[in-house]
Amino acid sequence: MSSRTENWPPADAEPVGPHPDAPAPGTELSEHYAECFGCGHEVELGLHLRSAVADDMSVVSTFTVRKDHQGAPGLAHGGLLACAFDEALGSTVGNLLRTPTVTARLETDFVRPVPVGSTLHIAARLDGRSGRKTYVSAEGRLDADDGPVALRARALFVTVGVDHFTTHGDPDAIEKFRQTAEAEAAAAEQRGWDVNP
Ligand SMILES: CCCCCCCCCC(=O)SCCNC(=O)CCNC(=O)[C@H](O)C(C)(C)COP(=O)(O)OP(=O)(O)OC[C@H]1O[C@@H](n2cnc3c(N)ncnc32)[C@H](O)[C@@H]1OP(=O)(O)O
């Protein structure tokens, strides 16, 4: 018997497409926060996930497994792989829907071992939406976009207000995040002018 959530997405979920201001296909997505364990460049032992929007508006993320990411000798730790999917799925929802969300539920199927040195190619797509709930899923392949499937994951993200972060988070960290986001928005606008003068 499968332990996965059946009826995915649930019957009350409606199809959801990207926000009109979502990044265009081919856009490389920047880290959302320098101190994020999933994507931040300031976290030395972090995953350093990199993501881009694909032609079909899925989001493809890559993550190379390093020695620091081991569970069993020579193999990636499963919890850490789940972390990579959390990041890839969250980036998909955040960037395509342009709304602040948090992971409410994440389920992961580990299909084959992921050796140190291999690169996971994670392709994530929006599956549906119901009110504040967004359903998203992903597949991770070894070493190439068409490599063997190593993991599959599904997640529910719930849209939250800014107060979620101001109430529960650290004010200094939030200020740093805000400054990074503003700098990135300015850089993106500049890049837009360069491309479409
Ligand atoms: C560009 C940006 C890139 C960002 C990438 C970031 C990637 C990393 C993302 C994360 O890791 S976020 C950190 C991990 N997650 C959390 O810390 C969330 C902790 N949980 C909460 O804060 C609250 O439980 C939550 C905001 C998710 C929901 O609380 P609320 O009080 O706002 O809502 P509520 O409990 O009424 O739930 C809203 C709906 O979701 C449903 N729900 C909530 N949790 C669920 C669950 N676990 N399973 C199934 N359904 C769930 C709930 O039943 C309900 O459905 P209905 O609207 O139909 O009534």
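Under an unreviewed UniProt entry, the protein chain has the name Acyl-coenzyme A thioesterase THEM4 and belongs to Prauserella isguenensis. The UniProt entry for the protein chain carries the following text under Sequence similarities (unreviewed entry): "Belongs to the THEM4/THEM5 thioesterase family."

**Student:** How would you sum up the sheet that holds strand S2 (residues 50–53)? Please name residues and give values.
**Tutor:** Ordered by their spatial adjacency, 7 strands build an open sheet running S1-S2-S3-S5-S6-S7-S4, and the pairing between neighbours is antiparallel. A strand with exactly one partner marks an edge of an open sheet, and here the two such strands are strand S1 (28–29) and strand S4 (101–110). Here S1 runs beside S2; their pairing, made up of 2 bridges, is antiparallel. If you follow Leu-29 over to S2, its bridge partner there is Ser-51.

**Student:** Can you tell me about the UniProt feature "domain: Thioesterase" (unreviewed entry) in the protein chain, naming the residues and giving the values?
**Tutor:** Following the UniProt record, one finds the feature "domain: Thioesterase" (unreviewed entry) at residues 74–141. The span residues 74–141 is 29% helical and 46% strand by assignment, and the distance between its end C-alpha atoms comes to 18 Å.

**Student:** Explain the domain arrangement of the protein chain residue by residue, including any values.
**Tutor:** Partitioning the protein chain into structural domains gives domain 1 (28–160) and domain 2 (164–197). For domain 1 and domain 2, the distance between their C-alpha centroids amounts to 21 Å.

What counts as what
Residues numbered from 1 in each chain as written. Predicted model: local features only at pLDDT ≥ 70, side-chain atom pairs only at ≥ 80, totals over all residues. UniProt positions renumbered as here; feature names shortened; annotations may be inferred. Pairing = 2+ DSSP bridges. Helix = DSSP H or I, 4+ residues; strand = E, 2+ residues; numbered from the N terminus. Domains from an automatic or database assignment.

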